[in-house]
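Here is what each chain is made of, one letter per residue.
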Amino acid sequence: MASTLVGKQAVVIGAGMGGLAAAGALADFFDQVVVLERDTLPSEPAHRAGTPQARHVHALLLSGQRALSELFTGFEQDLARAGAVPLRVGLDVRMERPNYDPFPQRDLGWFSYAVSRPTIERVVRRRVESRANITLRQHCRVEKLLASPNGETVSGVRYENDNGASETIATDLVVDASGSGALTLDLLQSTGRPLPEESTIGIDLGYATCVFAIPDDAPTDWKGVMTFGQAPHDSRGGLMLPLEGNRWMATIGGRHGDVPSGDAEGFLAYARALRTPTIYNAISQAERLGGIARYGFRESVRRHFERLDEFPRGLLPIADAICRFNPVYGQGMSVAAQEACLLRTLLGRLAGDSNPIAALAPTFFAEMQTLIETPWAVATLDFVFPETRGQRPADFETALKFGIALTRLAAEDPAVHKLTAEVQNLLRPRSAYRDPTLVRRVMAIMAET
Ligand SMILES: Cc1cc2nc3c(=O)[nH]c(=O)nc-3n(C[C@H](O)[C@H](O)[C@H](O)COP(=O)(O)OP(=O)(O)OC[C@H]3O[C@@H](n4cnc5c(N)ncnc54)[C@H](O)[C@@H]3O)c2cc1C
């Protein structure tokens, strides 16, 4: 292992999905990895203040499942043992789209898992805790990145410990997996460096979520349902998936003010007004377990760190600190895990270099663009709603028509259905749609309509 070492110590800010995955990636390349988390980390799956989004449906795409399995061998078995519900991709979740109620249900040959976000996190955290050279420290709120006066090199962090006292820790590398990336931006600003440019897609999404006991007479032709509204007039949608413990979690929501209220009656009324009655019919008589959680999500944000001429040595933002996606597409955790795999690959490649830490951030920012291209392109689908704010892609109308025709082809042809599922699960890039034969077939459908 000595020959692959990149540094003595790495510090990760945040024990969310990005931080845990990053710690798994760093552990082979540093003597010690310390993860600092401001929250209490529960010993059992439970909600915590630092990740309010965890009260809502968290779908783990196949790419995320694979990336986490790569970082933590046996991850899928751990999930299954924790009660995650296996789902046959393409078959077990009823997809309801305009003109397809439902979209043809076919077994595409893979299993995914439906499970609550606190359980996914707990499963990964256990794996992280079992690594001898990773230390997870809870109740440690990082206050500041410690850097040279010009911000050229980051050499540690200052944090507030359990007792409210300030401590510092010296480190070769700081990975900012705080979700907000605020400490990274503060450092750039306070040292007079330019902030990364941002691309934003303003969607003003409002979510409400409730958990139900699955009734004995639940439908047997699906385990989950996803219902889309009739864009661009109706932005309402719903996703209901099973959870460990024979429960359903139903998340419903809409945009630009058309959002559910936080009471049980309002929740049911909103569910009843979805384009199809499937979710409402399933939950209207089901036992509600707990209250309604709400979440407002203003915009998808992509920070272009790759465009900066320089970046502080010894610092690397990751996951939501770089890019936050509209949660409707269920991409955030999977992209975070894929970025951690990229980090591991790069550390392996740079380990023999004379100054691997100096090369790390620029290489990471450059190479992650390929990884982020497809999920960001998915997020731009939000421009189908005229109220969406931001830079609408120039070819959006054509892309939309292509997408509609591709969906029709996927409904007719299982092989195309499988391809679209691979792209949606971030197993393949969207460039797979540029295959000349596929393009010809899609264009033929476009010409008919
Ligand atoms: C409503 C909603 C639903 C979503 N649904 C899905 C979904 O279905 N599928 C999916 O893949 N993704 C989903 N996401 C996205 C997903 O939650 C995030 O992309 C993912 O958690 C990113 O991980 P992260 O590590 O960047 O941030 P987080 O997981 O949010 O973790 C950040 C951590 O940093 C800690 N922290 C912050 N500041 C400090 C500090 N100063 N010191 C110490 N600790 C700190 C926080 O307490 C937290 O533990 C959803 C998001 C939202 C908002």
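Look up: the structure comes first, before these words.
The structure displayed is predicted, hence computed values, not measured ones.

A. Looking closely at the overall build of the protein chain. In terms of regular secondary structure, the protein chain is built from twelve helices and 18 strands. Computed over the C-alpha atoms, the radius of gyration of the protein chain is 22 Å, within 12% of the 22 Å expected from 2.2 N^0.38 for a compact globule of 449 residues. The C-alpha extent of the protein chain, read off along each of the three principal axes, is 60 × 50 × 40 Å. Looking at the protein chain as a whole, 54% of its 449 residues are labelled buried. When contacts within the protein chain are restricted to residue pairs at least 6 apart in sequence, those whose partners lie at least 24 apart make up 72%. For the protein chain, the exposed surface amounts to about 19200 Å²; the carbon and sulfur share of it is 49%.

B. Structural context of the site of the ligand. Near the ligand lie 34 residues; those nearest to it are Gly18, Glu37, Ala59, Arg117 and Asp320. Between Asp320 and the ligand, the recorded distance is 2.7 Å, taken from a side-chain N or O atom to an oxygen atom. Protein burial of the ligand: of its 1000 Å² of free accessible surface, 95% is covered by the chains. Looking at the shell around the ligand, the elements with two or more residues in it are α1 (17-26), β7 (141-147) and α8 (332-350). Of the residues belonging to the shell around the ligand, the class tally is 14 nonpolar, 14 polar and six charged.

C. Representation of the sheet that holds strand β9 (residues 166-170) within the structure. Taken in spatial order, the three strands make up an open sheet running β7-β8-β9, and their pairing is antiparallel. This sheet does not close on itself; its edge strands, each paired only once, are β7 and β9. Here the strands of the sheet are splayed against their neighbours by 25° on average, with no regard to which way each runs.

D. Geometry of the pairing of β9. With five bridges joining them, strand β8 (residues 154-160) and β9 adopt antiparallel strand pairing. Bridging from a neighbouring strand, Arg158 pairs with Thr168 of β9. From the end of β8 to the start of β9, which pair antiparallel, there are five residues, and Gly164 there has a positive phi angle of about 80°.

E. Local environment of the pairing of strand β10 (residues 173-176). Side chains Leu173 and Val175 project from β10 onto one buried face, and the interleaved Val174 and Asp176 project onto a second face that is buried too. Strand direction decides the pairing type here: strand β1 (residues 7-13) and β10, joined by four bridges, are parallel. Across the sheet, Val11 pairs through a bridge with Val174, a residue of β10. Bridge count between β10 and strand β16 (residues 315-317): three bridges; the pairing is parallel. For Asp176, the partnering residue across the bridge sits in β16 and is Pro317.

F. The nonpolar core, seen in detail. Ranked by internal contacts, the top residues of the largest apolar core, which has 92 residues, are Leu26, Phe30, Val157, Leu343 and Phe364. At eleven residues, α8 tops the list of elements feeding residues into this core. Excluding residues within four positions of it along the chain, Leu343 makes contact with Ala22, Ala25, Leu26, Leu316, Ile318, Leu360 and Phe364.

G. Structural view of empty space enclosed by the protein. Applying the stated criterion to the full structure yields two cavities of 30 Å³ or more. Of the pockets and cavities examined, the largest cavity occupies roughly 60 Å³. Around the largest cavity, the lining residues are Pro42, Glu44, Pro45, Ala46, Arg48, Thr51, Ala54, Arg117, Pro118, Glu121 and Arg125. Residue classes in the lining of the largest cavity are distributed as five nonpolar, one polar and five charged.

H. How the structure looks around the sheet that holds strand β2 (residues 30-36). Here we have five strands laid out as an open sheet, ordered β6-β2-β1-β10-β16, and parallel in their pairing. Taken across any chain shown, the strands that pair with only one partner, and hence form the sheet edges, are β6 (134-137) and β16. Going across the sheet, the axis of each strand differs from the next one's by a mean of 15°, ignoring polarity.

I. Broad picture of helix α10 (residues 396-412). Taking 1.5 Å per residue as the helical rise, α10 with its 17 residues ought to reach 24 Å, and the 24 Å between its terminal C-alpha atoms agrees with that figure. Residues Phe396, Phe402, Ala405, Leu406, Leu409, Ala410 and Ala411 constitute the buried set of α10. Elements that come into contact with the buried residues of α10 comprise α11 (414-424) and α12 (436-448).

J. Layout of the pattern of salt bridges. One pass over the full model with this rule turns up 30 salt bridges. A salt bridge links Arg48 to Glu121, with the nearest nitrogen and oxygen atoms 2.7 Å apart. Residue Arg48 is located in the loop between β2 and α2 (62-71), and its partner Glu121 is located in helix α4 (residues 117-129); the two are separated by 73 residues in the primary sequence. A residue is classified by how much of its surface remains accessible, and Arg48, at 10% relative accessible area, is buried. The salt bridge involving Arg247 is made with Glu244; its shortest N-O contact spans 3.6 Å.

K. Quick look at the packing of α1 against α8. The geometry of α1 relative to α8 is characterised by a closest axis approach of 8 Å and an angle of 20° between their N-to-C directions. When the axes of α1 and α8 are compared, the pair comes out roughly parallel. Crossing geometry of α1 relative to α8 is assigned as right-handed. Facing α1, whose interface residues are Met17, Gly18, Ala21, Ala22, Ala25 and Leu26, α8 presents Met333, Ala336, Ala337, Ala340, Leu343, Arg344 and Leu347.

Conventions and cut-offs
- Residues numbered from 1 in each chain as written.
- Predicted model: local features only at pLDDT ≥ 70, side-chain atom pairs only at ≥ 80, totals over all residues.
- Heavy atoms only, no water.
- Helix = DSSP H or I, 4+ residues; strand = E, 2+ residues; numbered from the N terminus.
- Rg over C-alpha atoms; globule rule 2.2 N^0.38 Å.
- Buried < 20%, exposed > 50% of the residue type's maximum accessible area, 1.4 Å probe, protein only.
- Contact = heavy atoms within 4.5 Å.
- Areas by Shrake-Rupley, 256 points an atom, 1.4 Å probe, with all protein chains shown as cover.
- Near = heavy atom within 4 Å.
- Polar contact = N/O pair within 3.5 Å; in protein donor to acceptor, adjacent residues only side chain to side chain.
- Nonpolar A, V, L, I, M, F, W, Y, C, P; charged D, E, K, R; others polar.
- Pairing = 2+ DSSP bridges.
- Axes fitted to C-alpha atoms, helices over the stretch in contact; angles between N-to-C directions.
- Core = buried A, V, L, I, M, F, W, Y, C linked by side-chain atoms within 4.5 Å.
- 1 Å grid on protein atoms, 1.4 Å probe; cavity = no way out; pocket = protein on both sides within 12 Å on 5 of 7 lines; lining within 4 Å.
- Points joined across faces, edges and corners; volume = space filled by probe spheres on them.
- Expected span 1.5 Å × (residues − 1).
- Salt bridge = Lys/Arg side-chain N within 4 Å of Asp/Glu carboxyl O.
- Parallel < 35°, antiparallel > 145°, perpendicular 65-115°, else oblique.
- Left-handed = near helix turned anticlockwise from the far one by under 90°.

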